Amino acid sequence: MGFDKIEAVSLTDQFVQKIESMIISGELMPGDQLPPARELSARMGVSRPVISAGLIELEKMGFVEIVARQGVYVSDYRRTGSLDTLTALLNYNGGVMRDDEVRSLMEVRSANECLCVKLVVERATQEELDELAPMLDAIKDAKTDQEGAEATFQFHHALSVLSRNAFLPLLYNSIHGYGLHFWSLYRKRYGANRLYQNKLELYRALLDRDAERAQAFTSDMLDGVVNGTFSLYNYPTQM
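Here's a quick rundown of the structure. Nothing here was measured: the structure is a model prediction, and the numbers come from that model.

The rules behind the values
- Residues numbered from 1 in each chain as written.
- Predicted model: local features only at pLDDT ≥ 70, side-chain atom pairs only at ≥ 80, totals over all residues.
- Heavy atoms only, no water.
- Helix = DSSP H or I, 4+ residues; strand = E, 2+ residues; numbered from the N terminus.
- Buried < 20%, exposed > 50% of the residue type's maximum accessible area, 1.4 Å probe, protein only.
- Contact = heavy atoms within 4.5 Å.
- Areas by Shrake-Rupley, 256 points an atom, 1.4 Å probe, with all protein chains shown as cover.
- Salt bridge = Lys/Arg side-chain N within 4 Å of Asp/Glu carboxyl O.
- Pairing = 2+ DSSP bridges.
- Core = buried A, V, L, I, M, F, W, Y, C linked by side-chain atoms within 4.5 Å.
- Axes fitted to C-alpha atoms, helices over the stretch in contact; angles between N-to-C directions.
- Parallel < 35°, antiparallel > 145°, perpendicular 65-115°, else oblique.
- Left-handed = near helix turned anticlockwise from the far one by under 90°.
- Nonpolar A, V, L, I, M, F, W, Y, C, P; charged D, E, K, R; others polar.

When its secondary structure is counted, the chain shows 13 helices and 2 strands. The buried share of the chain, reckoned over its 239 residues, is 43%. A sequence separation of at least 24 residues applies to 69% of the contacts in the chain between residues at least 6 apart. Summing over all exposed atoms, the chain offers an accessible surface of approximately 13100 Å²; the carbon and sulfur share of this is 52%.

The tally for this structure, following the rule as stated, stands at 10 salt bridges. Among the ionic pairs, Glu39 bridges to Arg43, the shortest N-O distance being 2.8 Å. A residue pair is termed a helical-turn pair when its members lie 3 or 4 positions apart in one helix, as Glu39 and Arg43 do in helix H2 (residues 37–44) at 4 residues. Owing to a relative accessible area of 34%, Glu39 belongs among the partly exposed residues under this scheme. Note on Arg43: relative accessible area 61%, which makes it exposed. For the salt bridge of Asp145 with Arg187, the shortest nitrogen-to-oxygen distance reads 2.8 Å. Here Asp145, found in helix H9 (residues 145–162), pairs with Arg187, found in helix H11 (residues 176–190); they are 42 residues apart in sequence, far enough to count as distant. If you follow the salt bridges from partner to partner, you end up with Asp76, Arg78 and Arg79 in one network.

Another aspect to go through is the pairing of strand S1 (residues 64–67). Relative to strand S2 (residues 71–74), S1 runs antiparallel, the two being bridged by 4 bridges. Note that in S2 the partner of Glu65 across the bridge is Tyr73.

Counting residues in hydrophobic clusters, the biggest one holds 37 residues, and the most contacted among them are Val120, Leu132, Phe155, Leu159 and Leu206. Look past the residues within four positions of Leu159 in its chain and what remains in contact with it is Cys116, Val117, Val120, Leu132, Leu202 and Leu206. Membership of the second largest hydrophobic core comes to 22 residues, among which are Ile24, Leu34, Leu40 and Val74.

Another point: the packing of helix H8 (residues 133–141) against H9. Interhelical geometry of H8 versus H9 gives an angle of 160° and a closest axis separation of 8 Å. Considering the angle they form, H8 stands roughly antiparallel to H9. Taken as a pair, H8 and H9 cross one another with a handedness that is left-handed. Taken together, the residues of H9 that come into contact with H8 (itself represented by Met135, Leu136, Ala138 and Ile139) are Ala151, Thr152, Gln154, Phe155 and Ala158. Looking at the contact of H8 with H9 residue by residue, the class counts come to 7 nonpolar, 2 polar and no charged.

Once that is clear, we can look at unusual backbone geometry. Its identity is not glycine, yet Arg69 carries a phi of approximately 65°, on the positive side. Tracing the chain through its elements places Arg69 in the loop between S1 and S2. A positive phi angle is found at Arg164, which is not glycine, with a value near 65°. Arg164 sits in the partly exposed class, given a relative accessible area of 43%.

If you want it as structure tokens, here you go:
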């Protein structure tokens, strides 16, 4: 049966999430020094081993820097962060991103996906491209916005695999929840047929080995978000 044991979040994880939230919200700023572990332990009601383990995790994620014999300082996670930091940002505040974060995410997506289709044109075989056709049918035949969003996500993820770039599929997976949110809202606003036609034209450009046209179809859609003509701002997401 699928009724697995429910695991409580550990005290270390709770400590990490609390400090993450204080840093992301701006309550703690880059350069701020955290109180000593003894004081944190007393104020937060957890043991010093929990504090120590949590600080090590926060340093790995790029949120703090532990300086020997000096203390723990808040880092500028934009300079020191990793994919783990990105995950924390995406999950912050229940998955509701701030305007600048949405814009930043879409700018990165635009760059990555334009690179992706260029690499697909250069590297994918004709047989591999032919195998994408049923995914287009799934986008067309989807009955709900959620089904259409999932089908569209799977189409783009398949392209990332065909790019032969080892990191693009991982990056795409890391924003799975926001990918579904984006495509669902797009389908709601513009209709199922427009979403399908956009992906169909992209697919035809790939079949024609026309990287420039494929990139244009990709960037035009995402640029609308970056420039504010199609706003996802302040919408909660399903992570």
